[in-house]
There are 2 protein chains.
Amino acid sequence: MKIGILGTGMVGSAIGNKLVSLGHEVKMGSRTANNEKAVAWAQGAGAKASQGTFSDEASFGELVFVCTQGAGTLDALHAAGAQNLKGKILLDLSNPLDFSKGMPPTLFAGNTDSLGERIQAAFPDTRVVKTLNTVAADIMVNPGKVNGGDHDMFVSGNDTAAKATVSEFLKTQFGWKNVHDLGDITTARGTESYLPLWLRLWGTLKTPMFNVKIVR
Amino acid sequence: MKIGILGTGMVGSAIGNKLVSLGHEVKMGSRTANNEKAVAWAQGAGAKASQGTFSDEASFGELVFVCTQGAGTLDALHAAGAQNLKGKILLDLSNPLDFSKGMPPTLFAGNTDSLGERIQAAFPDTRVVKTLNTVAADIMVNPGKVNGGDHDMFVSGNDTAAKATVSEFLKTQFGWKNVHDLGDITTARGTESYLPLWLRLWGTLKTPMFNVKIVR
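Predicted, not measured: the structure shown is a model, and the values here were computed from it.

## A word on the packing of aromatic side chains
The geometry of an aromatic ring pair is captured by two quantities: the separation of the ring centres and the angle between the planes.
At step 1: Taken as a whole and judged by the stated rule, the model has ten aromatic pairs over all chains.
At step 2: Residues Phe-169 of chain A and Phe-174 of chain A carry aromatic rings whose centres are separated by 5.7 Å and whose planes lie at 85° to one another, so their mutual orientation is edge-to-face. Here the two residues Phe-169 of chain A and Phe-174 of chain A agree in accessibility, since each one is buried.
At step 3: Geometrically, the ring pair formed by Trp-198 of chain B and Trp-202 of chain B is edge-to-face, given 5.3 Å between the ring centres and 65° between the ring planes. With Trp-198 of chain B and Trp-202 of chain B both in helix H10 (residues 195-205), this residue pair falls four residues apart, about one helical turn.
At step 4: Trp-198 of chain B sits in the buried class, given a relative accessible area of 8%.
At step 5: Judged by relative accessible area, Trp-202 of chain B falls into the partly exposed class, the value being 37%.
At step 6: In textbook terms, an aromatic cluster arises when at least three aromatic residues are bridged by ring pairs, as seen for Phe-65, Phe-169 and Phe-174 of chain A.
At step 7: Its end group placed over the ring of Phe-60 of chain A, Lys-27 of chain A keeps NZ or CZ at 5.1 Å from the ring centre.

## Some words on the side chain of Thr-134 of chain A
At step 1: Of note, Thr-134 of chain A is situated in the loop between strand E8 (127-131) and helix H7 (137-141).
At step 2: Residues contacting Thr-134 of chain A, with those up to four places away along its chain left out, are Met-153, Phe-154, Thr-191, Tyr-194, Trp-198 and Asn-211 of chain A.

## With respect to the interface of chain B and chain A
At step 1: Facing 34 residues of chain B, the contacting portion of chain A comprises 34 residues.
At step 2: Summing both sides of the interface, chain B and chain A together bury roughly 2,900 Å²; the carbon and sulfur share of this comes to 66%.
At step 3: For chain B, the biggest contributors to the area lost against chain A are Arg-200, Val-215 and Arg-216 of chain B; these three give 23% of the whole.
At step 4: Counting across the chain B and chain A interface gives zero salt bridges.
At step 5: For the interface between chain B and chain A, the tally reads ten residue pairs in polar contact (both at pLDDT 80 or more).
At step 6: Listed by contribution, the elements that provide at least two residues to the side of chain B that touches chain A are strand E7 (106-107), strand E10 (178-183), helix H9 (188-192), H10 and strand E11 (211-215) of chain B.
At step 7: Ranked by the residues each element gives to the side of chain B that touches chain A, the list is headed by H10 of chain B, at six residues.
At step 8: Its residues assigned to classes, the side of chain B that touches chain A shows 14 nonpolar, 14 polar and six charged.
At step 9: Both strand E11 (residues 211-215) of chain A and E11 of chain B contribute to a ladder of five bridges, which runs antiparallel. Bridge pairing links Val-215 of chain A to Asn-211 of chain B in E11 of chain B.

What counts and what doesn't
Residues numbered from 1 in each chain as written. Chains lettered and ligands numbered in written order. Predicted model: local features only at pLDDT ≥ 70, side-chain atom pairs only at ≥ 80, totals over all residues. Heavy atoms only, no water. Phe/Tyr/Trp six-rings, centres within 6.5 Å; stacked < 30°, edge-to-face > 60°. Buried < 20%, exposed > 50% of the residue type's maximum accessible area, 1.4 Å probe, protein only. Helix = DSSP H or I, 4+ residues; strand = E, 2+ residues; numbered from the N terminus. Lys NZ or Arg CZ within 6 Å of the ring centre and 35° of its normal. Contact = heavy atoms within 4.5 Å. Buried area = accessible area lost by both parts, 1.4 Å probe. Salt bridge = Lys/Arg side-chain N within 4 Å of Asp/Glu carboxyl O. Polar contact = N/O pair within 3.5 Å; in protein donor to acceptor, adjacent residues only side chain to side chain. Nonpolar A, V, L, I, M, F, W, Y, C, P; charged D, E, K, R; others polar. Pairing = 2+ DSSP bridges.

Now the structure itself:
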C-alpha cells in the first residue's frame, strides 16, 4: 500500500520504519523537498522509503498519517493540499501541545474543541480518524512491548467505515488487540485532553513506555 | 475516626455508607441543617451517621471528603469555614464539570488550572489531596467490583504526608491496591482533564463500572 507521512520527527520515523518493514511504500513529507531529516530517514529506511514535500506525500499516499507537532499540523495539511487529501483516510496522531509556556506543555485546543475537529472542519472532504495520540511512538507500532499487547487504543471520527478500516489496520499491521470506537470526531476531545494525565504519569513512572488498559 | 462529608449526592452517600459500615462516625454536611437528603441518609445509615450544615460537618471531621458537584465546591467550602478546615486533610473528589452547555459536560477549569488548585489556593492552611475523581462512586469505595481490584488510582497534592495518609486510607479502608502519587496539586489538571475521555468511555462501554489499569 502507498502511505504518506506528514512530519519528520520521532513519530513519523517510527511509523515510517514500521510500515516499510511491513512492505508498504512510504513517502515522508516535509515543508521543503530534500529536508535533511526526511532525506536521512529515506536513505536509512530502504528501497520502499522516499521523501518529498507535504504535497508530494499527500498525493502519493492512499492512506495519510499526520505525525507533525500539533502546532504545525494545520499548516502542514494546508501545504499538503485539500485536493490531494480529498476522499482519503487521514490518521491524525498529533496532539495540540503548546510548549511555549514551559513544561509540562499545555493544550492549545480542548474542552469545547480539539485538533481533530479543527482538521475535519478545515478538510471536510477528508476522512479524519484521530488515533494513536495516547501512547509513545514506540508503542504505537509495537504495542506488544507493553503488557504483551493487552491494553487499549481509541479511534474518533465522523466516518464509520474509515474508523473500521483504521481499526483493522492497527490490528493487522501494528498488532493492536483492543481498539475502541469512541464516536464522532468530537470525541477527540477525550483522547487529546488525556495528554495532561499521560504527561504526569510519564513523570511518575519515569518512562513513556506505558499505556492504559480499560478494565471492568 | 470522625469523618465529614460535604455533599448529599450519589458520591457523598456512597462514601458515607462505606465509612459507616467500617465503623467510622460520619457527618454529612449540606447548605442548611436538616436538608431532606442528608436527613434521609443519616436516618438510613445507622447510629454512627449524622447530618448538619457544612460548618457543622467541617468542625466535626478529622478527615473531610469533598463530594459536592464541582460548580458548588468552593461555595460549600467557604460555608464550611477556613477555620474549621485548618490543618485538616481534605480529600477533593469533585470535578469541574459544567452541565450548562448540554451533554456531555465541559470543564469550567482546566489546562492551566484545576479545581484542586483553586481549592488549595482558597484554603492555604488545609491539606488538599485530589483523589477518587476518576471513577464512579460505587468503584471509589468498592474497587474490587472491577477486575478484582487490579486497577489504578491517583493522588495529587502539595503535602507529601497528607498524600501518604490518604493513599494508606484508600488501601486499608476501601481496598485500593495501586495508588500513584502524581505530584503536587497542579497534577490535578491531569486527572480532572481525564474526565472528557472517561465520559466518552462510559458512552462506548455503556456502563460507568470501569477504570483504567496502567500497564507497562
